[in-house]
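Residue-level listing of the chains:
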Amino acid sequence: MSVKISIEKNRIIAYLSGEIDHHSALLLRQEIDLAVRENNPSELILDFSEVSFMDSSGIGLVMGRYRVMNESGGTVTIHNPSPNIKKVMKLSGIEKLASINNV
């Protein structure tokens, strides 16, 4: 699992790749939160186009980033999840916290 962080104007894009499980979610959370704290963006985009697997830790990752962004008045958007990951996200209710888009 890896993440590439891109900072563009007032938003951060986190390009995730690989498998998101309990161990990798912790590292992802730390890297993304550091970028958010240092840059205070109004939008955080989590790009899932290269994520091949996600368990409930991925849901927790999104929910936690929603809380962090919501505290500062920002939003979270999810880009390009696979059909299976998108289904898991919809079943979990993530759409109530973050919009899910294929771009």
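To start, this report covers the structure provided alongside it. (Residues numbered from 1 in each chain as written. Predicted model: local features only at pLDDT ≥ 70, side-chain atom pairs only at ≥ 80, totals over all residues. Heavy atoms only, no water.)

Let us look at the overall build of the chain. Scanning the chain from terminus to terminus reveals three helices and five strands. The C-alpha radius of gyration computed for the chain amounts to 12 Å, which stays within 12% of the reference 13 Å derived for 103 residues, consistent with globular compactness. Across its three principal axes, the chain shows a C-alpha extent of roughly 30 × 25 × 25 Å. Evaluated residue by residue, the chain yields a buried proportion of 42% over its 103 residues. (Helix = DSSP H or I, 4+ residues; strand = E, 2+ residues; numbered from the N terminus. Rg over C-alpha atoms; globule rule 2.2 N^0.38 Å. Buried < 20%, exposed > 50% of the residue type's maximum accessible area, 1.4 Å probe, protein only.)

Right, let's talk about helix α2 (residues 56-71) for a bit. Between its first and last C-alpha atoms α2 spans 23 Å; for 16 residues at 1.5 Å apiece the expected length is 22 Å, and the two agree. When α2 is considered as a whole, its buried residues turn out to be Ser 57, Gly 58, Ile 59, Leu 61, Val 62, Gly 64, Arg 65 and Met 69. At its buried positions, α2 is contacted by β2 (11-20), α1 (22-39), β3 (43-54), β4 (75-79) and α3 (83-92). (Expected span 1.5 Å × (residues − 1). Contact = heavy atoms within 4.5 Å.)

This part is about α1. In a regular helix each residue adds 1.5 Å, so 18 residues correspond to 26 Å; α1 covers 26 Å between its end C-alpha atoms and thus fits that length. Turning to α1, its buried residues number three or more, namely Ser 24, Ala 25, Leu 28, Ile 32, Asp 33, Ala 35 and Val 36. Each buried residue of α1 sits inside an arc of 160° when the element is viewed along its axis, so together they form one side. Those residues of α1 that are exposed and angled more than 90 degrees off the buried face are His 23, Leu 27, Arg 37 and Glu 38. Buried residues in α1 make contact with β1 (2-8), β2, β3 and α2. (Arc of directions from axis to C-beta.)

Among soluble globular proteins, nonpolar side chains are generally buried collectively. Counting 26 residues, the largest nonpolar core has Leu 16, Ile 20, Phe 48 and Met 89 as the members making the most contacts within it. Among the secondary structure elements, those contributing two or more residues to this core are β2, α1, β3, α2, β4 and α3. Excluding residues within four positions of it along the chain, Phe 48 makes contact with Leu 16, Ile 20, Met 54, Val 62, Ile 78, His 79, Asn 80, Pro 81, Ile 85 and Met 89. (Core = buried A, V, L, I, M, F, W, Y, C linked by side-chain atoms within 4.5 Å.)

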